[in-house]
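Structural overview for review
For reference, the chains in residue letters:
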Amino acid sequence: MKQLFTTLLLLLVLNGYSQNSIIGFYSENTNKQLQLEKSFEEKLNATNLDEWMQKMAAEPHWVGTKFGEENAKWIKSQFESWGYDTKIETYQILFPYPTERVLELTGPTQYKAKLTAVPVEGDPFTAQGDALLPSYNAFSTDGDVEAELVFVNYGIPKDYEELEKLGISVKGKIVIAKYQGSWRGIKPKLAAEKGAIGCIIYSDPEDDGYGQGDVYPKGAYKNKTGVQRGSVMDMPTYPGDVLTPGYAATKDAKRLDRKDAPTITKIPVLPISYEDALPLLSALDGTVAPESWRGGLPITYHIGPGPATVHLKLTFDWKLVPAHNVIATLKGTEFPDQWVMRGNHHDAWVHGANDPISGLVALMEEARAIGELAKKGQKPKRTLVFCAWDAEEPGLIGSTEWVEDHKKELQEKVVAYINTDGNGRGFLGAGGSHSLQAMVSEVAGTIVDPQTNVSVKDRRIAANIVNGGDDSFNLYALGSGSDYTPFIQHAGIAALNLGFGGENGGGEYHTIYDTYPHYKRFKDPEFAYGVALANTAGLITLRLANADVIPLNFSQWHSTISNYLTEIIDETESMRKEVLKHNKMVSLKSYKLAADPTKKVKTPTKEYLIPYVDFSPLQNELVILNETISEFEKINTTSLSKKSLEELNKRLMKAEQMLTSEKGLPRRPWFKHQIYAPGFYTGYGVKTLPGVREAIEQKNWIEAQEQIKILTNTFKNFNTYIKDITNDLK
Ligand SMILES: [Zn+2]
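A few words on the pairing of strand β14 (residues 495–502). Among the eight residues of β14, seven are classified as buried, and the element is accordingly described as predominantly covered. As defined by bridge partners, strand β12 (residues 414–420) adjoins β14 across four bridges and the pair is classed as parallel. Each residue of the ladder has a partner; that of threonine 420, found in β14, is leucine 498. Pairing geometry for strand β13 (residues 426–432) and β14, over seven bridges, is antiparallel. The residue bridging glycine 431 from the neighbouring strand is asparagine 497, located in β14.

Written out as structure tokens, the structure is:
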């Protein structure tokens, strides 16, 4: 009998069905938690997600619209019916609405851009005419400019290096750049730095049009008239309301003068379709674009400048509009002052079925299921706070103002913030604080993938391996692009960003085609991945809410951070080799002799040598930190008194804050986190150990040494923090 039992148990273990421990839970509480999770999962219902999406994506609902406000009120009433204490917190934010948009080719031929996407058959939402928000880039400055046109590929730093080699300047010109390759806001920022006076961004069909698949309505991709809206506010400097940096945009807040707001672009910028881009690009002549720059249009891509000249005129109505954040609270039974936060935005550019409603309906379904369990007496130990943010699209404004408003309290009370946004069919993507990696990995191992019946973790790992990655489940590092930014990068609160995707490709992002019919056909027809997201985020929320010991793992954190440092050291070495090789080729006149003598190409000159950088303070501190972490992890938390356990949790909650510095990053003090930041020249793209990494990338060697000192101090403080906890518990 005993042997049979052992065999059975072994089989169960092999099948992955047995789980006798959960990170952060004492064994006596594990079963109760697993039971709760099972009841939670059973309550999740895809029909709710479907119905709620139809309701909230019925009309356009950008910040300041009537329908947006109605959505906020309806979300509030839903949360109330599920037993949450709910309120709407409103801020008055600057939001530009386009009143005049003119783009015309003035020479050598004439063309007036249409700037309008067409309605398509089978999708009545695309036929709402004037109710649809005109296509534009929010926080472009007003402007009226006319100049020769220059094609700059994606308009990112390496494209300007290429132009420099070709001897082409954009000074006094209007640039046209392809979307993608970086976050859009980088394009006008760099163009202005290089002296351009206007910027046009277009969607090349190669990137998300017919080069990828059939176009809407036949397929999911961008038809010739589709235009991606989006913010170009300089978010890597600070996100949120442009007039109230670092403090809340309350009714009576002191506001900057608009002309002094540093995050509004310096030059006018407008997004257009490939139908409107084609006549402009066709009218360019001069140097033929390098092969890697060419897109999917049936033309020879020229760089210019000219002879095409364009006229761009943009005027906006700059007014304050109300941004309504919905905040719903379910009070914890044992630790009401420890909050687990969950958020997703509710505003969209147009209907936003995918972005953001697909994530929001998953969040709401989690909240409903948890609310039902609470009504039956299964309340969370810690307080849950569910948030539906407004004004995410123009620049993470709703969440940023709220975090700035409540920063002190949040730093005292929040255990972690879990963010979601658009969601679709495919693989689990999870990013965030690496101290949470072990816990997220454990949860991902228990969620069943709706299509393959393996765990979403196994499916993720399989995709990693196939794409040349390693066979482990890792969190990606957070840059920016959704509402986690104010939590982690400004307030130093541990954060996660979760979503499924990879099999839901399309060109609808921020266009009038991101509608319910499009979502149902191409994204997640049965809302199976919506339920999987609710399940994943819900379990993470419930574990953080009920864990005996807050489930952080610092050894995985340490190995990730060590890898980032190794990366920077290796990159510095390869920069050194590159410069040596380059200078040798200059000496040997190789560039000159290898070039086509009939073509005008600037012969490069020698570059400054890369100095040796002393990384040893960081390396040494990481060795010490490793020791400290292993001592900490030896503590047997099960034998702690109730009081010491409470003390331990209070201190663990604040561990992430030890990784920030009050002074923030160079030239952008709003960004306080020393491990993760959006890149100054990449936008959404992350830079890890950003102070040091960006100084080296910009070849600012004095700043690199300063930043190494600052980061070493951050590690030292973190070390002392963990060491003190360990000593006090011994
Ligand atoms: Zn979004």
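Considering all chains together, one arrives at 42 salt bridges under this definition. Two residues, glutamate 372 and arginine 368, come together in a salt bridge whose shortest N-O distance is 2.5 Å. Of this pair, glutamate 372 and arginine 368 both sit in helix α9 (residues 353–375), four residues apart, which is roughly one turn of the helix. Residue class for arginine 368 comes out buried when judged on its relative accessible area of 11%. Glutamate 412 is the salt-bridge partner of lysine 654, the closest N and O atoms lying 3.2 Å from each other. Here lysine 654, found in the loop between α19 (642–653) and β15 (676–678), pairs with glutamate 412, found in helix α10 (residues 397–413); they are 242 residues apart in sequence, far enough to count as distant.

On to the coordination of the zinc ion, then. Note on the zinc ion: its protein donors are His345 (NE2), Asp355 (OD), Asp421 (OD) and Asp421 (OD). The metal-donor distances range over 1.9 to 2.5 Å. Seen from the zinc ion, its four donor atoms lie at angles of 54 to 141 degrees, and the figure they make is irregular. The sequence motif formed by the donor residues of the zinc ion is H-x9-D-x65-D. Remark: aspartate 421 occurs in the loop between β12 and β13 and aspartate 355 occurs in helix α9; sequence separation between them is 66 residues.

It is worth spelling out empty space enclosed by the protein at this point. A probe matching the size of a water molecule, rolled over the atoms, marks out where space remains unfilled. By the definition in use, this model includes three cavities of 30 Å³ or more. Counted as a void, the largest cavity has a volume near 40 Å³. In terms of lining, the largest cavity is formed by Val415, Ser435, Ala494, Ile550, Leu552, Leu652, Met653, Ala655 and Glu656. In terms of residue class, the lining of the largest cavity is made up of seven nonpolar, one polar and one charged.

Calculation criteria
- Residues numbered from 1 in each chain as written.
- Predicted model: local features only at pLDDT ≥ 70, side-chain atom pairs only at ≥ 80, totals over all residues.
- Heavy atoms only, no water.
- Buried < 20%, exposed > 50% of the residue type's maximum accessible area, 1.4 Å probe, protein only.
- Helix = DSSP H or I, 4+ residues; strand = E, 2+ residues; numbered from the N terminus.
- Pairing = 2+ DSSP bridges.
- Salt bridge = Lys/Arg side-chain N within 4 Å of Asp/Glu carboxyl O.
- Donors = N, O, S within 2.8 Å, 3.2 Å for Na, K, Ca; no water.
- Tetrahedral: all angles 85-135°; square planar, octahedral: opposite > 155°, others 65-115°.
- 1 Å grid on protein atoms, 1.4 Å probe; cavity = no way out; pocket = protein on both sides within 12 Å on 5 of 7 lines; lining within 4 Å.
- Points joined across faces, edges and corners; volume = space filled by probe spheres on them.
- Nonpolar A, V, L, I, M, F, W, Y, C, P; charged D, E, K, R; others polar.

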